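Now for the letters of each chain:
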Amino acid sequence: MRKVLDLGELHKQLRQTEEHEPHFDEELNPYLLDTVLPQLEGEEPIRLEQIDFDQFDEEDPFTILDYYYWRENLCNTMRHINRRISDILPSCVKTRAFL
Amino acid sequence: MDEDTLNAAMRILNMAKVLESHGKLNRLMDMLGDCTEITWDNQCMVERFACESVFQNTKCYEQCGKQVSHHAYEPDREVYVLRDPLLDRFHALCREYESRRGITRIENPYARELEDAVHSAMRLSNYNFDYLWVDGSEARKSPKLLLFLFEEFYSFDEIPKALCDILDACQSGIRELEQELKKPAGKVIALPSQPALKQKEAA
């Protein structure tokens, strides 16, 4: 099937669309998010003795996991859209110019 | 950081927090020794030790499946035998309550409540396991929980929470039973007095 993307129309539609960032509904524990996660991401060794257990609840680690999967899904959607747009071959369209 | 690393770290933190809020974290730390680093490699070990840290007396056995017919074998399994002084105390109080009330274990509402709590706690997300709750009512059997984990069982990280929930239910049952047993025994209703037998002289 032939796909046509009118960049002018896309530009117009995007300008008209209200900007709203996707928002994760649940509250993320700041201790896990700002203290533990950066250490894990930086591959710094972190031990159970270093953890302050008063700073989070039992379910908070699972909320962080849900957040990670939510973010991954979002990234995958963006990648998918990007790939579909990139796959469309450019074509020239005659336009009438009034000089 | 990949998905597996994060997943392992968060599951370790969840188990450790569950144990910490039930005062069992030190036991887990003793069992882990130097292997307390939060890594994907350590997840399996933390899970196993966390399962053994909740009940005071936990034994784990590997059982090969028995031959049931010429070609068929039962599946191999890991068996956890879990005992705890709280279960013994609960059982002793139940016996006293039953003897005072003159009821059986089946009629005992506290025993039924704990049984329900066990069934509710053992609803894990994996199907490849079984369990047996021995309430101690049979002669010479102390109360215990038996867990049978088969080859495809993977929800080890859910077991510590389930076991803590069972002990919580047991503790609350003990409190209620102790209060119940403190109450003075109900009034004994006297039987209607029998009219005195009149002796008749033989004619």
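Residues numbered from 1 in each chain as written. Chains lettered and ligands numbered in written order. Predicted model: local features only at pLDDT ≥ 70, side-chain atom pairs only at ≥ 80, totals over all residues. Heavy atoms only, no water.

Summed over all chains, the structure comprises 13 salt bridges over all chains. A salt bridge links E58 of chain A to K161 of chain B; the shortest N-O distance between them is 3.6 Å. Placement of the pair is E58 of chain A in the loop between helix 2 (30-41) and helix 3 (60-87) and K161 of chain B in helix 6 (residues 159-182), with the two residues belonging to separate chains. One salt-bridge network, held together by shared partners, links E58 of chain A together with K161 and D165 of chain B. (Salt bridge = Lys/Arg side-chain N within 4 Å of Asp/Glu carboxyl O. Helix = DSSP H or I, 4+ residues; strand = E, 2+ residues; numbered from the N terminus.)

All names here are of chain B. For the pair helix 4 (residues 85-101) and helix 6, the least separation of the axes is 9 Å and the interaxial angle reads 35°. Pair helix 4 / helix 6 crosses with left-handed handedness. Touching L86, L87, R89, F90, L93, C94, E96, Y97, R100 and R101 of helix 4 are L167, C170, Q171, G173, I174, L177, E178, E180 and L181, all from helix 6. Broken down by class, the residue content of the contact of helix 4 with helix 6 amounts to 11 nonpolar, two polar and six charged. (Axes fitted to C-alpha atoms, helices over the stretch in contact; angles between N-to-C directions. Left-handed = near helix turned anticlockwise from the far one by under 90°. Contact = heavy atoms within 4.5 Å. Nonpolar A, V, L, I, M, F, W, Y, C, P; charged D, E, K, R; others polar.)

Another point: the packing of helix 2 of chain A against helix 3 of chain A. All names here are of chain A. Orientation of helix 2 relative to helix 3, taken along the N-to-C sense of each, is 75°, at an axis distance of 11 Å. The orientation of helix 2 with respect to helix 3, classified from their angle, is roughly perpendicular. When helix 2 is examined against helix 3, the residues L32, L33 and L37 are found in contact with a partner set consisting of D60, P61 and I64. In terms of residue class, the contact of helix 2 with helix 3 is made up of five nonpolar, no polar and one charged. (Parallel < 35°, antiparallel > 145°, perpendicular 65-115°, else oblique.)

Another point: the packing of aromatic side chains. By the definition in use, this model includes 10 aromatic pairs over all chains. Judged by centre distance (5.8 Å) and plane angle (40°), the ring pair of F53 of chain A and F56 of chain A falls under tilted. Across this residue pair, the class does not change: F53 of chain A and F56 of chain A are buried. Taken together, a centroid distance of 5.1 Å and an interplanar angle of 80° make the contact between F153 of chain B and F156 of chain B edge-to-face. Across this residue pair, the class does not change: F153 of chain B and F156 of chain B are buried. Of the aromatic side chains, those joined through ring pairs into one cluster are F129, Y131, F153 and F156 of chain B. Sitting over the face of the ring of F56 of chain A, K17 of chain B holds its NZ or CZ atom 5.7 Å from the ring centroid. (Phe/Tyr/Trp six-rings, centres within 6.5 Å; stacked < 30°, edge-to-face > 60°. Buried < 20%, exposed > 50% of the residue type's maximum accessible area, 1.4 Å probe, protein only. Lys NZ or Arg CZ within 6 Å of the ring centre and 35° of its normal.)

With that out of the way, let us pick up the domain arrangement of chain B. Residue and element names in this part refer to chain B. Domains assigned within chain B are domain 1 (1-53) and domain 2 (56-182). Here the C-alpha centre of domain 2 lies 24 Å away from the C-alpha centre of domain 1. Contact with domain 1, which involves 12 residues of that partner, is made by 15 residues of domain 2. When the two sides are added together, the surface that domain 1 and domain 2 hide from each other amounts to roughly 1,200 Å², 59% of it contributed by carbon and sulfur. For R11, the salt bridge goes to D157, with nearest N and O atoms at 2.8 Å. Taken together, the connections running from domain 1 to domain 2 amount to four residue pairs in polar contact (both at pLDDT 80 or more). Mapped by element, the contributors of at least two residues to the side of domain 1 that touches domain 2 are helix 1 (3-21) and helix 3 (40-53). Sorting elements by how many residues they give to the side of domain 1 that touches domain 2 places helix 3 first, with five residues. Within the side of domain 1 that touches domain 2, the residues separate by chemical class into five nonpolar, one polar and six charged. (Domains from an automatic or database assignment. Buried area = accessible area lost by both parts, 1.4 Å probe. Polar contact = N/O pair within 3.5 Å; in protein donor to acceptor, adjacent residues only side chain to side chain.)

With 25 residues of chain B at the interface, the matching set in chain A holds 22 residues. Both faces considered, chain B and chain A share a buried interface measuring about 2,300 Å² in area, 70% of it formed by carbon and sulfur atoms. It is M1, M10 and K17 of chain B in chain B that bury the most area against chain A; as a group they hold 28% of the surface buried on that side. At the boundary of chain B and chain A, one finds one salt bridge. Elements that contribute at least two residues to the side of chain B that touches chain A include exactly helix 1 and helix 2 (25-32) of chain B. In terms of residue count, the dominant contributor to the side of chain B that touches chain A is helix 1 of chain B (14 residues). Tallied by class, residues from the side of chain B that touches chain A come to 12 nonpolar, five polar and eight charged.

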